[in-house]
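A closer look at the structure
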Amino acid sequence: MLTKILSRAECAKCQICCSFDSYDLWETPVITDEVQSLALEIAPQQKFSYASGARLFRMEREPDEDLYFCPMLDRKKGCMLGENKPFDCRIWPLRVMDFEGRRVIVLSPVCPTVFKKPVEEVKALADELAPRIFAEADKTPEMVKPYISGYVILTVEKK
Ligand code: SF4
């Protein structure tokens, strides 16, 4: 969805959004029924956790490191879910957050590639995708996280 500002090649080299430390486990994608079924076809032993109403992949901590890799990540080939990856992953580094009772689309400061792009360019894309993103958030409200300082607000939902 973000190919206007982020190429597949850039993502394939980086993969930062597919690994987490214990502080950003909240960033792990919300898993819908469809994604769960597909993930279980790929990895029948995969377990899930639940937090704040959201279904999430259970991830194992790397030995001696505060690091968790998404179980769907093939480090050579990328995401094993392909085009059917969770919606959160399809729009990352954009996120939907609740800012003082309004839903907003924000830019994560973690993506090293998009964060360097002109903000006007990223905002234009967020505005263009807003109807689709907010419609998905209607279906999966668990993807809306409380606002975190440092995330750039790009688009505010119109009332
Ligand atoms: S589901 Fe795929 S894109 Fe999303 S975090 Fe896991 S490996 Fe990365």
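Residues numbered from 1 in each chain as written. Predicted model: local features only at pLDDT ≥ 70, side-chain atom pairs only at ≥ 80, totals over all residues. Heavy atoms only, no water.

Remarks on the environment of R61
The topology assignment puts R61 in the loop between β3 (54-57) and β4 (68-69). Residues R61 and S149 lie 88 residues apart in sequence; the distance between their C-alpha atoms is 27 Å. Ignoring sequence-local partners within four residues, the contact set of R61 consists of D66, L67 and Y68. (Helix = DSSP H or I, 4+ residues; strand = E, 2+ residues; numbered from the N terminus. Contact = heavy atoms within 4.5 Å.)

Section: the nonpolar core
Core analysis: the largest hydrophobic core is formed by 25 residues, its most contacted members being L94 and I133. At the level of secondary structure, the elements contributing two or more residues to this core comprise β3, α3 (87-91), β7 (94-99), β8 (102-107) and α4 (119-139). It is α4 that contributes the most residues to this core, 8 residues altogether. In contact with I133, not counting residues within four places along its chain, are F87, I91, L94, V96 and I105. Listed in part, the 12 residues of the second largest apolar core include V35, F57, M59 and L81. (Core = buried A, V, L, I, M, F, W, Y, C linked by side-chain atoms within 4.5 Å. Buried < 20%, exposed > 50% of the residue type's maximum accessible area, 1.4 Å probe, protein only.)

Details of the layout of surface pockets
Here the largest pocket is characterised by a volume of approximately 980 Å³. As for the largest pocket, its lining consists of 41 residues, of which C11, C17, C18, K85 and C89 are closest to the centre. It is helix α1 (residues 8-14) that provides the largest number of residues to the lining of the largest pocket, a total of 5 residues. A class-by-class count of the residues in the lining of the largest pocket yields 22 nonpolar, 7 polar and 12 charged. The computed volume of the second largest pocket comes to approximately 250 Å³. Forming the boundary of the second largest pocket are 17 residues, of which T32, E34, V35, R90 and E136 lie nearest the centre. Secondary-structure elements contributing two or more residues to the lining of the second largest pocket are α2 (33-42), α3 and α4. For the lining of the second largest pocket, the element with the most residues is α2, which contributes 4 residues. (1 Å grid on protein atoms, 1.4 Å probe; cavity = no way out; pocket = protein on both sides within 12 Å on 5 of 7 lines; lining within 4 Å. Points joined across faces, edges and corners; volume = space filled by probe spheres on them. Nonpolar A, V, L, I, M, F, W, Y, C, P; charged D, E, K, R; others polar.)

Considerations on the side chain of R55
One can find R55 in strand β3. When its relative accessible area of 15% is taken as the criterion, R55 is described as buried. Looking at R55, its side chain comes within polar contact range of the side chain of D33, at 2.9 Å. Polar side-chain contacts of R55 include one of 3.4 Å to the side chain of Y50. Leave out the neighbours within four places in its chain, and R55 touches P29, V30, I31, T32, D33, Q36, F48, S49 and Y50. (Polar contact = N/O pair within 3.5 Å; in protein donor to acceptor, adjacent residues only side chain to side chain.)

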